[in-house]
Amino acid sequence: MLSQTSLVVALVALLALLAGVLLYGVHQRRVHRLQQRLDAVLQASTDAVSFEDLDGVVEGWSPGAQAMLGYTAEQMLGQTLQRLVPAERRFEEDAPWDVPDAASHSLDTVRLHQNGSLVPVSMVRVPLLDAQGQRIGTARVLRDISRQQVSAELIQSMAFNDGLTGLPNWRLLRDRIWRAQLNSARQRSYFAVLYVDVDNFKAVNSAHGRAVGDQVLVEVSVRLMAAIRQNDTVARVRGDEFVVLLEDLGSKEVSAAHHVNTVADKIWDMLERDYTLGELHIRCTASIGIQLRLGGNGSVDQIIQAADAAMAQVKQGRRSVARGVFGGT
């Protein structure tokens, strides 16, 4: 498939040759051959190609344009492209031609399909000139970039989300804790980090296999999400270890601590219930370490490490849930 830039160049070159042929009266067979080449390019392209006069009236509408945007040539010829432009994008049509590189600039935008849906496109517009170099119209090429957007979103998801559970990963968690620190310092509102470890998870993998273990981890993530508010965060940081971030807990330490303790107890209760996977009934418990924080004191890694250390105390059986409270700005 021709690239968008190559297609525009080819179209403009063919149009220029065709204009020159008509102007100087070269043999009609050459005109016919050039017209055939232009038609072949337009027929083969899946891009939307249109030609407009100086008033913006459509004089040419390719099969790719019909396939992409739903309108037939009969519906578009003699009309303008305004029907394709969402109201909030009208300013794009007012871009002046005398701005350097404006004629060949590729713009990522959206256009309206006949059915009212939005089509993400990359658009290039090129001036059509006569023999004296005066603009007589516009050639416009639109390429559907919805697949590119899906690919970009997939790459984004892979970079910031855990592949098994779909939860935020370590990278995204660190960013959210950093933002929680900034908000806490600005609003003087507590936030908390809970480090959650599934006890004896290796025994589950050993007894039932990794596939069953993965199902348990997915169910753990579901239960953790059910235990928190919509604006809080659950992240999977490694193996059977998760981190819960609770934000906007208020300016009073007592009420903030009460909320965190309630969530921790809810998590512990939900995770120790049986995991029913087909005919299997697996029982797990969890160890939870807590850091309740106010302000931006300490780095993100230090906060996570402190919660991890508190969780390790639970593992050693010193207490049921380890908690710590730190203030600062």
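All figures in this text were calculated on a predicted structure; none of them were measured in a lab.

(A) The arrangement of the packing of helix α7 (residues 201-208) against helix α8 (residues 210-226) in detail. At a minimum axis distance of 7 Å, the contact between α7 and α8 shows a crossing angle of 140°. Judged by the inter-axis angle, α7 sits oblique to α8. From α7, F201, V204, N205 and H208 reach across to α8, where they touch R210, V212, G213, V216 and L217. Classifying every residue of the contact of α7 with α8 by side-chain character gives five nonpolar, three polar and one charged.

(B) Fine view of the layout of surface pockets. Within this model, the second largest pocket holds a volume of roughly 220 Å³. Around the second largest pocket, the lining is made up of 14 residues, and of these E52, D55, G56, E93 and R140 lie nearest the centre. Taken together, the residues of the lining of the second largest pocket sort by class into three nonpolar, four polar and seven charged.

(C) Structural context of the sheet that holds strand β4 (residues 118-129). Strand order in the open sheet made by the five strands is β2-β1-β5-β4-β3, with antiparallel pairing throughout. Pairing within the sheet leaves two strands with one partner each, and these edge strands are β2 (58-61) and β3 (107-112). Here the average twist between neighbouring strands, direction ignored, is 35°. Here strand β1 (residues 48-53) runs beside β2; their pairing, made up of three bridges, is antiparallel. Bridge pairing in β2 links F51 to G60.

(D) Molecular detail of the pairing of β1. With respect to burial, β1 is a largely interior element, six of its six residues being buried. Side-chain alternation along β1 places A48, S50 and E52 on one buried face and V49, F51 and D53 on a second face that is also buried. Turn length for the β1-β2 hairpin, with the two strands adjacent in sequence and antiparallel, is four residues, and the turn residue G56 shows positive phi of about 80°.

(E) Seen up close, the confidence of the model for the protein chain. Looking at the protein chain, the pLDDT average stands at 82 and 79% of residues meet or exceed 70. Across the protein chain, strand β8 (residues 241-246) holds the top mean pLDDT of 96, while strand β12 (residues 321-326) sits lowest at 48. For residues 318-329, every residue scores under 50 in pLDDT, and the model assigns this stretch 37 contacts once sequence neighbours within four places are set aside.

(F) Region of the structure containing the packing of α8 against helix α9 (residues 253-271). For the pair α8 and α9, interaxial distance at closest approach is 9 Å and the crossing angle is 150°. The orientation of α8 with respect to α9, classified from their angle, is roughly antiparallel. Classified by chirality, the crossing of α9 by α8 is right-handed. Seen from α8, the contacting residues are V220, R223, L224 and A226; seen from α9, they are K266, I267, M270 and L271. A breakdown of the residues in the contact of α8 with α9 according to their chemical character gives six nonpolar, no polar and two charged.

(G) Region of interest: empty space enclosed by the protein. Inspection of every chain in the model, using the stated rule, returns two cavities of 30 Å³ or more. Taken as a whole, the largest cavity holds about 90 Å³ of empty space. As for the largest cavity, its lining consists of 14 residues, of which S50, L81, L84, R140 and L142 are closest to the centre. Its residues assigned to classes, the lining of the largest cavity comprises 10 nonpolar, one polar and three charged. What the second largest cavity holds in volume is close to 30 Å³. Contributing to the lining of the second largest cavity are A180, N183, S184, S189, Y190, F191, E247 and D248. The element best represented in the lining of the second largest cavity is helix α6 (residues 170-187), accounting for three residues. Among the residues forming the lining of the second largest cavity, the class breakdown is three nonpolar, three polar and two charged.

(H) Quick look at the side chain of S122. Tracing the sequence through the fold places S122 in strand β4. A distance of 3.3 Å separates a polar atom in the side chain of S122 from a polar atom in the side chain of D108.

Cut-offs applied
Residues numbered from 1 in each chain as written. Predicted model: local features only at pLDDT ≥ 70, side-chain atom pairs only at ≥ 80, totals over all residues. Heavy atoms only, no water. Axes fitted to C-alpha atoms, helices over the stretch in contact; angles between N-to-C directions. Helix = DSSP H or I, 4+ residues; strand = E, 2+ residues; numbered from the N terminus. Parallel < 35°, antiparallel > 145°, perpendicular 65-115°, else oblique. Contact = heavy atoms within 4.5 Å. Nonpolar A, V, L, I, M, F, W, Y, C, P; charged D, E, K, R; others polar. 1 Å grid on protein atoms, 1.4 Å probe; cavity = no way out; pocket = protein on both sides within 12 Å on 5 of 7 lines; lining within 4 Å. Points joined across faces, edges and corners; volume = space filled by probe spheres on them. Pairing = 2+ DSSP bridges. Buried < 20%, exposed > 50% of the residue type's maximum accessible area, 1.4 Å probe, protein only. pLDDT = per-residue confidence, 0-100. Left-handed = near helix turned anticlockwise from the far one by under 90°. Polar contact = N/O pair within 3.5 Å; in protein donor to acceptor, adjacent residues only side chain to side chain.

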